Amino acid sequence: DVKVTQSSRYLVKRTGEKVFLECVQDMDHENMFWYRQDPGLGLRLIYFSYDVKMKEKGDIPEGYSVSREKKERFSLILESASTNQTSMYLCASSFIGVVGNQPQHFGDGTRLSIL
Amino acid sequence: GQQVMQIPQYQHVQEGEDFTTYCNSSTTLSNIQWYKQRPGGHPVFLIQLVKSGEVKKQKRLTFQFGEAKKNSSLHITATQTTDVGTYFCAGPSGYSTLTFGKGTMLLVSP
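Below or above, wherever it landed, is the structure these notes cover. No experiment lies behind these values; they were computed from the predicted model shown.

## Remarks on the side chain of T86 of chain B
All names here are of chain B. Its place among the elements puts T86 in strand 9 (residues 85-92). You can call T86 buried: its relative accessible area is 15%. Discounting residues that sit within four places of it in the chain, T86 has contacts with Y35, K36, Q37, G103, T104 and M105.

Below is the structure:
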C-alpha cells in the first residue's frame, strides 16, 4: 500500500520565519505535489515535481518554493511566512504512467498556523 | 484556466436517503477522477472515468461520465453514516496535474 508521510501533523510558526514542510513517499512515484486546502476553496496546487530536481509552478506558487533532491522526498518551503499562509498543506504522489493523470495518493496533511 | 464546478456545496440527508453530487467542466475532459475525504482525513482516490457515457459502480456508489465528457456525477444509494465526508471531482489540467472541484460535503444523520 502506498504510504505518503508528512513530517508534522501540526505546526505553529511566527510571521517572517522560514518554514520547511517535508514529504516522503515509499512507492517510487515520479510525480509529487503540494496542495493547500482552505474552507470553501478546495484543493489548490502550489507546486509539483515530475523528477528529481525538476519543479513546475501550480496555481498559487507565490510565497513558496520547493526542493526535490531525492525521488522519494519533496519539500515545501515558505520563504518568509505570513499569516495568510495559515492553512492545511497536503502532499501527494503518483506515477507518471503511459496514460496521464494517474490517481494521486495523499499524506495526512500538515495544519500550519502562522502567528 | 480550466475550472471544475461542483454542486451542491453541502448536503445533509437522513440515513437511508439517496445522495447525488454533480461536477461540470467548461471544457471537454479526457478523464475525471473522484476522491473522498473523511472529516479530519485526507483525500482518497475512489475511481477514474475515461469513456464517454461510462457508468461504474462500487457497491452503493454509482459514477457517471457524461456523453460530451464535460460533466460527471456520483450517486450514493441508501446513505449510511460511514458515507460522511467531502466528495471531490478532479479533471486533468496537464499530463500529470489535476484541477479539483471545491467538493460536496455530505452529512448523514442516523
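Additional details are given in the paragraphs that follow.
## Quick look at the interface of chain B and chain A
Contacts between chain B and chain A engage 19 residues on the former and 24 residues on the latter. With both sides pooled, the region where chain B packs onto chain A buries about 1700 Å², and carbon together with sulfur makes up 51% of that total. The tally of links between chain B and chain A comes to zero salt bridges. Our enumeration of links across chain B and chain A arrives at eleven residue pairs in polar contact (both at pLDDT 80 or more). Counting only elements with at least two residues in the side of chain B that touches chain A, the list comes to strand 4 (32-37), strand 5 (44-49), strand 9 and strand 10 (98-100) of chain B. Residues belonging to the side of chain B that touches chain A are distributed by class as follows: eight nonpolar, ten polar and one charged.

The rules behind these values
Residues numbered from 1 in each chain as written. Chains lettered and ligands numbered in written order. Predicted model: local features only at pLDDT ≥ 70, side-chain atom pairs only at ≥ 80, totals over all residues. Heavy atoms only, no water. Helix = DSSP H or I, 4+ residues; strand = E, 2+ residues; numbered from the N terminus. Buried < 20%, exposed > 50% of the residue type's maximum accessible area, 1.4 Å probe, protein only. Contact = heavy atoms within 4.5 Å. Buried area = accessible area lost by both parts, 1.4 Å probe. Salt bridge = Lys/Arg side-chain N within 4 Å of Asp/Glu carboxyl O. Polar contact = N/O pair within 3.5 Å; in protein donor to acceptor, adjacent residues only side chain to side chain. Nonpolar A, V, L, I, M, F, W, Y, C, P; charged D, E, K, R; others polar.

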